[in-house]
Amino acid sequence: MPGEPQADCLFCKIVAGEVPATVVRETETTVAFRDINPQAPTHILVIPKGHYADAATLAAEAPQLVADVLREAGTVAAEEKIAVRDGGPGTGYRVVFNTGTGAGQTVFHAHAHVLGGRGLNWPPG
Ligand code: 5GP
Ligand code: ZN
C-alpha cells in the first residue's frame, strides 16, 4: 500500500519515534526536524509521515501531501526567520528535493531540505 511504513527506512523510524531527532514542527501528515549534518545555519528536513521513495512518487501517489510538505517548509522558514524577502545575503531560503543517487539522494523517503541563514549560490553544485 502506498505510504505504508517501511521497516528498513530511517525516516519511517524517526516518524515512529524509534530514532531520535530534533523535531521542530509536527502536523497530522508531516514532521520537520533538523538535519544531522547541516549544510547551512538553518537546515531542516520536512517529510511526509507516510513512506514514499521520492518527491515524484509522492506527487503521483499523494498529491495533497506535496502541498502539506511545501506549506510546512514555508512555515519552518518563517519560524527560523530565514524567509525575509529583502534580497540581502542570508535572506530567503531554498527548498531542495534530491532525487536519485546521482543527485545526492541517500534516504529514500521523500524529504524537502529547507536551507537558509547564509547566502546561497546559484546554480547549486
Ligand atoms: P538526501 O541526501 O537523501 O537528500 O538527504 C538525507 C539527509 O538526511 C542528509 O542531509 C543527512 O544529513 C540527513 N540524515 C541522515 N541520517 C540522519 C539522521 O539520523 N538524523 C537526521 N536528523 N538527519 C539525518
Ligand atoms: Zn520511510
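Every residue gets a number counted from 1 within its own chain, in the order that chain's sequence is written. All chains are assigned letters beginning at A, and all ligands numbers beginning at 1, according to the order in which they are written. For a predicted model such as this one, the threshold for reporting local features is a pLDDT of at least 70, and the threshold for listing and counting side-chain atom pairs is 80 or more; totals across whole chains, interfaces and linings nevertheless cover every residue. Side-chain measures here rest on the full set of heavy atoms in the structure, leaving out hydrogens and waters.

Peer 1: What am I meant to see in unusual backbone geometry here?
Peer 2: If a residue is not glycine, its phi is most likely negative; likewise, a peptide bond is most likely trans. Look at the link from Trp-122 to Pro-123: it is a cis peptide, with omega at 0 degrees. The helix and strand labels rest on DSSP assignments: H or I over at least four residues marks a helix, E over at least two residues marks a strand, and numbering proceeds from the N terminus. Relative to the elements of secondary structure, Pro-123 occurs in the segment after β5 (112-116). Positive phi is not limited to glycine here, since Lys-81 has a value of about 60 degrees.

Peer 1: Is there a simple way to explain the coordination of the zinc ion (ligand 2) in this structure?
Peer 2: Under ideal tetrahedral coordination, the four donors around a metal are separated by 109.5 degrees; under ideal octahedral coordination, the six donors are separated by 90 or 180 degrees. Any N, O or S atom lying within 2.8 Å of the metal counts as a donor, and for Na, K and Ca the limit rises to 3.2 Å; water is left out, so some sites can look incomplete. Note on the zinc ion (ligand 2): its protein donors are Cys-9 (SG), Cys-12 (SG), His-51 (ND1) and His-109 (ND1). The metal-donor distances range over 2.1 to 2.3 Å. Between 85 and 135 degrees for all angles marks four donors as tetrahedral; over 155 degrees for opposite donors together with 65 to 115 for all other angles marks four donors as square planar and six as octahedral; every other arrangement is irregular. Viewed at the metal, the four donor atoms of the zinc ion (ligand 2) are separated by angles of 107 to 115 degrees, and the geometry they form is tetrahedral. The cut-offs for exposure are 20% and 50% of the maximum accessible area for each residue type, with area from a 1.4 Å probe on protein chains only; residues under the lower value are buried, those over the upper are exposed, and the others partly exposed. Given a relative accessible area of 14%, His-51 falls into the buried group.

Peer 1: I'm lost on the pairing of strand β2 (residues 30-34) in this one. Help?
Peer 2: Two faces belong to every sheet, and in a regular strand the side chains alternate between them. With four of five residues buried, β2 lies mostly within the body of the structure. Two strands form a pair only when DSSP identifies at least two bridges running between them. Here strand β1 (residues 23-26) runs beside β2; their pairing, made up of three bridges, is antiparallel. Bridge assignment links Glu-26 to a residue of β2, and that residue is Val-31. A loop of three residues connects β1 with β2, the two strands running antiparallel in sequence. In the sheet, β2 pairs with strand β3 (residues 42-48) via five bridges, with the strands oriented antiparallel.

Peer 1: When you look at the sheet that holds β2 in this model, what are you seeing that I'm missing?
Peer 2: As a general point, the strands of a sheet are linked pairwise by backbone hydrogen bonds and lie either parallel or antiparallel. Taken together, five strands build an open sheet; the order of strands is β1-β2-β3-β5-β4 and the sheet is antiparallel. Edge positions in the sheet fall to β1 and β4 (93-96), since each of these pairs with one other strand and no more. If you compare each strand with its neighbour and ignore which way they point, the axes differ by 20 degrees on average. As paired strands, β4 and β5 are joined by four bridges and run antiparallel to one another. Of the residues in β5, the one forming a bridge with Val-95 is Val-114. The criterion used for residue contact is that any of the two residues' heavy atoms lie within 4.5 Å. Axes, fitted as lines to C-alpha atoms, cover a helix only where it is in contact. Angles between the N-to-C directions of the axes lie from 0 to 180 degrees. Contacting β1, β2, β3, β4 and β5, helix α3 (residues 63-79) runs over the sheet at an angle of about 155 degrees to β3.

Peer 1: Just to check I follow, could you spell out the side chain of His-113 for this structure?
Peer 2: Structurally, His-113 can be placed in strand β5. Polar contacts, as used here, are pairs of N or O atoms within 3.5 Å; protein pairs need one atom able to donate a hydrogen and one able to accept it. Residues neighboring in sequence count only if both atoms are side-chain atoms. Within the structure, His-113 has its side chain in polar contact with the side chain of His-43 (distance 2.8 Å).

Peer 1: Teacher, can you tell me more about the site of ligand 1 here?
Peer 2: By convention in these notes, a residue is near a molecule or strand provided one of its non-hydrogen atoms lies within 4 Å of it. The environment of ligand 1 is formed by 15 residues, the closest being Arg-34, Asp-35, Gly-104, Thr-106 and His-113. In the model, an oxygen atom of ligand 1 is placed 2.7 Å from a nitrogen or oxygen of the Thr-106 main chain. Note that an oxygen atom of ligand 1 is positioned 3.0 Å from one of the backbone N or O atoms of Val-107. The protein chains shown are the only cover counted for residues, whose accessible areas, like all others here, come from Shrake-Rupley with a 1.4 Å probe. Contact with the protein chains removes 83% of the 520 Å² of surface that ligand 1 exposes when unbound. When residue character is reported, Ala, Val, Leu, Ile, Met, Phe, Trp, Tyr, Cys and Pro are called nonpolar, Asp, Glu, Lys and Arg charged, and the others, Gly included, polar. Its residues assigned to classes, the shell around ligand 1 shows six nonpolar, seven polar and two charged.

Peer 1: Sorry, what's going on with the pattern of salt bridges here?
Peer 2: Oppositely charged side chains are able to pair whenever their charged atoms sit close together. Salt bridge, as used here: a side-chain nitrogen of Lys or Arg that lies within 4 Å of a carboxyl oxygen of Asp or Glu. All chains considered together, the criterion is met by five salt bridges. Glu-72 is paired through a salt bridge with Arg-25; the nearest N and O atoms lie 2.7 Å apart. In this pair, Glu-72 sits in helix α3 while Arg-25 sits in strand β1, placing the two residues 47 residues apart along the sequence. For Arg-25, a relative accessible area of 21% puts it in the partly exposed group. Glu-80 is the salt-bridge partner of Arg-34, the closest N and O atoms lying 2.8 Å from each other. Separated by 46 residues along the polypeptide, Arg-34 in strand β2 and Glu-80 in the loop between α3 and β4 bring together distant segments of the chain. On the accessibility criterion, Glu-80 (23% relative accessible area) is partly exposed. Each of the salt bridges in this network shares a partner with another, and the network as a whole consists of Arg-25, Glu-72 and Glu-79.

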